[in-house]
Amino acid sequence: MEAQRLLHGFCSNSAIPPIQNSRKPLFCMFNAPMDHSKRWVSCKTHHYDVPQTVSCSKRRLECRNRVEKAGGFTGDEKDSESGIRRKNLAVFVSGGGSNFRSIHEACLRGLVHGDIAVLVTNKSVQEFTIIKDTSYLEQEEGCGGAEYARAKGIPVILFPKTKDEPEAVSSNELVAALRGFEVDFILLAGYLKLIPVELIRAYPKSILNIHPSLLPAFGGKGYYGMKVHKAVIASGARYSGPTVHFVDEHYDTGRILAQRVVPVLADDAADELAARVLRENKKRFSKTIVFQEHNLYVDVTSAICEERVVWREDGVPMIQSKENPNQYS
């Protein structure tokens, strides 16, 4: 019943009837045109709908050759060549969401076999800065990622519920809402809050995060943004780079899935190293500037959506090569 009440608040064209007497409103962002002086609205579930189609689904795990492969949810929309269904993604952001935008653009361009179904953020501040050049060094007071999502018609959920944000959803409500959107994988893209245990248990081996250092070094509580790069330089480390890892109940301690390496130069300042971690100058996808961190997250997202992430017997995740299925990285 609780899942139905939550789901109806986000989805239309659903078999779930409107539920009168809902106990409390959900916090979401309209996709329809609205008064721009009010970026956020509290909408009760039986009054407003966000376009979304709902169908029943079941979790699937496939075990082949003693290697566990995560397959997400079963569904009807499959690629005609591969037979793999497009995955539904939820992205969590706390700021500008440059990785979120990069993944969304990759979905639209067909580089990722999936779609972003919903954005989750802990920031409801209305003031924000649009990053026109997706610069890593831009700072936002509010959540530019949420504003981008609203402009693209992607539903937004405010989480977690706090004293200052009473209209946000609780952990259990968030899980129910994500189930309603039939989310297969959750991508943390600059989300600074610790993920609640309820969500981790609901999505085992299905939550990813990107961190701007070569984990396990320079990770954990308090290591985020420019603080990471300052610590790398102060340590004398010769190399750094982004890491994509699975999320567990602690900060930056989940299994590592992919990394990229960049040099740390002798005269580097933190902002220079940050820019190098994010991007490098070489040609790829017909662009002069390649965003190292962005491309890593897009590549990993592509792999999980194509069901190319496998788990060794010792619990280490590996990415199966698309070109050569016998090779792993």
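## Thoughts on helix 4 (residues 171-180)
Then step 1. With eight of ten residues buried, helix 4 is to be regarded as a mostly interior element.
Then step 2. Buried residues of helix 4: Ser 171, Glu 173, Leu 174, Val 175, Ala 176, Ala 177, Leu 178 and Gly 180, and no others.
Then step 3. Phi turns positive one or two residues past the end of helix 4, at Glu 182, with a value near 55 degrees.

## Thoughts on the pairing of strand 6 (residues 114-121)
Then step 1. The buried fraction of strand 6 amounts to seven of the eight residues, a majority that puts the element mostly inside the structure.
Then step 2. The parallel pair strand 5 (residues 87-93) and strand 6, bridged by helix 2 (residues 98-108), forms a crossover whose chirality is right-handed.
Then step 3. Sheet analysis places strand 6 next to strand 7 (residues 156-158), joined by three bridges and oriented parallel. By the bridge assignment, Thr 121 is partnered in strand 7 with Leu 158.

## Looking at the pattern of salt bridges
Then step 1. Tallied over the entire structure, the rule returns nine salt bridges.
Then step 2. Glu 306 is the partner of Lys 322 in a salt bridge, and the nearest nitrogen-oxygen pair spans 3.1 Å. One end of the pair, Lys 322, is in the segment after strand 17 (317-319); the other, Glu 306, is in the loop between helix 8 (292-305) and strand 16 (309-311), with 16 residues separating them in the sequence.
Then step 3. Residue classification places Lys 322 among the exposed residues on the basis of a relative accessible area of 54%.
Then step 4. The exposure class of Glu 306 is buried, given its relative accessible area of 13%.
Then step 5. Several salt bridges share partner residues, and in doing so they unite Glu 306, Arg 308 and Lys 322 into one network.

## Brief notes about unusual backbone geometry
Then step 1. Put simply, Phe 159 and Pro 160 share a cis peptide bond, and its omega is 5 degrees.
Then step 2. Structurally, the position occupied by Pro 160 is in the loop between strand 7 and helix 4.
Then step 3. Residue Pro 216 is bonded to the preceding Leu 215 through a cis peptide linkage, with omega at 15 degrees.
Then step 4. Mapped onto the elements, Pro 216 comes out in the loop between strand 9 (207-211) and helix 6 (226-235).
Then step 5. Residues other than glycine seldom take positive phi values, yet Glu 182 does so here, at roughly 55 degrees.
Then step 6. Locating Glu 182 in the fold gives a position in the loop between helix 4 and strand 8 (185-188).

Each value, and the rule that gives it
- Residues numbered from 1 in each chain as written.
- Predicted model: local features only at pLDDT ≥ 70, side-chain atom pairs only at ≥ 80, totals over all residues.
- Heavy atoms only, no water.
- Buried < 20%, exposed > 50% of the residue type's maximum accessible area, 1.4 Å probe, protein only.
- Helix = DSSP H or I, 4+ residues; strand = E, 2+ residues; numbered from the N terminus.
- Right-handed = clockwise from strand over helix to strand, strands pointing away.
- Pairing = 2+ DSSP bridges.
- Salt bridge = Lys/Arg side-chain N within 4 Å of Asp/Glu carboxyl O.

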